[in-house]
Amino acid sequence: MGVMATAICRNMLRDLRSERFRRDKALRQVFDFNTCKTPMAIDPIKDGIRSQVRIDFSGNVHKRLRGTDAEKRYATEVEVLKVLEQRGCPYVPRVLEEHPEELYFVSTNCGKPATQISKEKADKLFAKLEAEYGVRHLDAEPRNITYSDKLGCFCIIDFELAEILPNPNPQAPCPPP
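Presented here is a report on the structure given in the accompanying data block. In this text the structure is predicted, and so the values were computed from the model without any measurement.

Calculation rules
- Residues numbered from 1 in each chain as written.
- Predicted model: local features only at pLDDT ≥ 70, side-chain atom pairs only at ≥ 80, totals over all residues.
- Heavy atoms only, no water.
- Helix = DSSP H or I, 4+ residues; strand = E, 2+ residues; numbered from the N terminus.
- Buried < 20%, exposed > 50% of the residue type's maximum accessible area, 1.4 Å probe, protein only.
- Contact = heavy atoms within 4.5 Å.
- 1 Å grid on protein atoms, 1.4 Å probe; cavity = no way out; pocket = protein on both sides within 12 Å on 5 of 7 lines; lining within 4 Å.
- Points joined across faces, edges and corners; volume = space filled by probe spheres on them.
- Nonpolar A, V, L, I, M, F, W, Y, C, P; charged D, E, K, R; others polar.
- Pairing = 2+ DSSP bridges.
- Axes fitted to C-alpha atoms, helices over the stretch in contact; angles between N-to-C directions.
- Core = buried A, V, L, I, M, F, W, Y, C linked by side-chain atoms within 4.5 Å.

### A word on the overall build of the chain
The helix and strand inventory of the chain stands at five helices and ten strands. Among the 177 residues that make up the chain, the fraction classed as buried is 33%. Considering only residue pairs separated by 6 or more positions, the chain has 51% of its internal contacts joining residues 24 or more positions apart.

### Description of the layout of surface pockets
Reported here for the largest pocket is a volume of approximately 680 Å³. Lys46, Val53, Asn144, Ile157 and Asp158 are, among the 30 residues lining the largest pocket, the residues nearest its centre. Of all the elements in the fold, those that place two or more residues in the lining of the largest pocket are strand 1 (44-47), strand 2 (51-55), strand 3 (61-65), helix 4 (70-86), strand 5 (104-107), strand 6 (112-113) and strand 8 (145-148). Of the residues belonging to the lining of the largest pocket, the class tally is 13 nonpolar, eight polar and nine charged.

### Some words on the sheet that holds strand 4 (residues 95-99)
Pairing within the open sheet is antiparallel, and its five strands lie in the order 1-2-3-5-4. The sheet terminates laterally at strand 1 and strand 4, the two strands that pair on one side only. Taken over all neighbouring pairs, the strand axes of this sheet differ in orientation by 10 degrees on average, direction set aside. By the bridge criterion, five bridges tie strand 2 to strand 3 in an arrangement that is antiparallel. Residue pairing in the sheet places Val53 in a bridge with Lys63 of strand 3. Helix 4 contacts strand 3, strand 4 and strand 5 of the sheet and is inclined by roughly 155 degrees relative to strand 4.

### Regarding unusual backbone geometry
Of note in this structure, Leu103 is not a glycine but carries a positive phi near 55 degrees. With respect to the element layout, Leu103 can be found in the loop between strand 4 and strand 5. Its identity as a non-glycine residue notwithstanding, Leu138 has a phi of 70 degrees, on the positive side. Relative to the elements of secondary structure, Leu138 occurs in the loop between strand 7 (135-136) and strand 8.

### Here we look at the nonpolar core
Counting 27 residues, the largest nonpolar core has Leu84, Tyr91, Val92, Leu129, Ile145, Ile156 and Phe159 as its most contacted members. Sort the elements by how many residues they give to this core and helix 4 lands first, with six residues. Excluding residues that lie within four positions of it along the chain, Val92 makes contacts with Leu81, Leu84, Cys110, Leu129, Ile156 and Phe159.

### What to know about the environment of Ile49
You can see Ile49 is positioned in the loop between strand 1 and strand 2. The exposed category is assigned to Ile49, whose relative accessible area is 76%.

### Let's talk about the sheet that holds strand 9 (residues 153-156)
Strand order in this open sheet of three strands is 6-8-9, and the pairing throughout is antiparallel. The open sheet terminates on both sides in strands that have one partner only, identified here as strand 6 and strand 9. As paired elements, strand 6 and strand 8 share two bridges and run antiparallel to each other. Bridging across to strand 8, Lys112 finds its partner in Tyr147. In the packing of helix 5 (residues 119-133) onto the sheet, the strands contacted are strand 8 and strand 9, and the crossing angle to strand 9 comes to about 65 degrees.

### Some points on the environment of Ala122
Inspection of the secondary structure puts Ala122 in helix 5. With 33 residues separating them along the chain, Ala122 and Cys155 place their C-alpha atoms 9.9 Å apart. With residues near it in sequence (within four places) discarded, Ala122 still touches Ile117, Pro142 and Ile145.

Spelled out as structure tokens, the structure:
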């Protein structure tokens with residue numbers, strides 16, 4: 001951070017430490033004192049034993065893994081998402097940032113939970129993922145299906161437990177990294 005940015009940050013911190021800021025819980029939740037940045041994320045979508053998921057103001061997903069085997073689950077999810085991107089799968093999140101030391105990554109948003117999807121339809125989506133892109137989800141439940149208005153299709157999320165299989169279509173050109 002440059003000298004000018006440091007001075008601006010110092011002034012922001014002074015202002016934010018005012019009495020109003022101490023009373024205003026909402027302000028405290030949207031300012032990151034470590035980076036001097038405003039909203040990294042607002043309200044959690046999921047705040048469970050194994051992970052915390054938040055959506056930032058830009059719509060990106062921030063996921064922090066915790067609990068049993070968090071390191072392994074983090075590495076698996078990031079690796080699987082990268083393999084799926086290489087293989088051209090259009091209906092999964094894309095990794096935008098990785099922070100392995102914090103077991104935290106940022107990805108694109110794949111819409112909202114598809115709460116009305118049937119188990120049968122979800123099973124077909126997971127089977128398609130395996131047959132066309134060589135990834136077995138291993139947590140193939142409707143809760144891991146979203147619907148993206150932007151993409152106009154169902155998407156699959158939550159690849160912590162997934163298994164990468166041989167590429168079923170090795171001739172297909174991979175997009176550049």
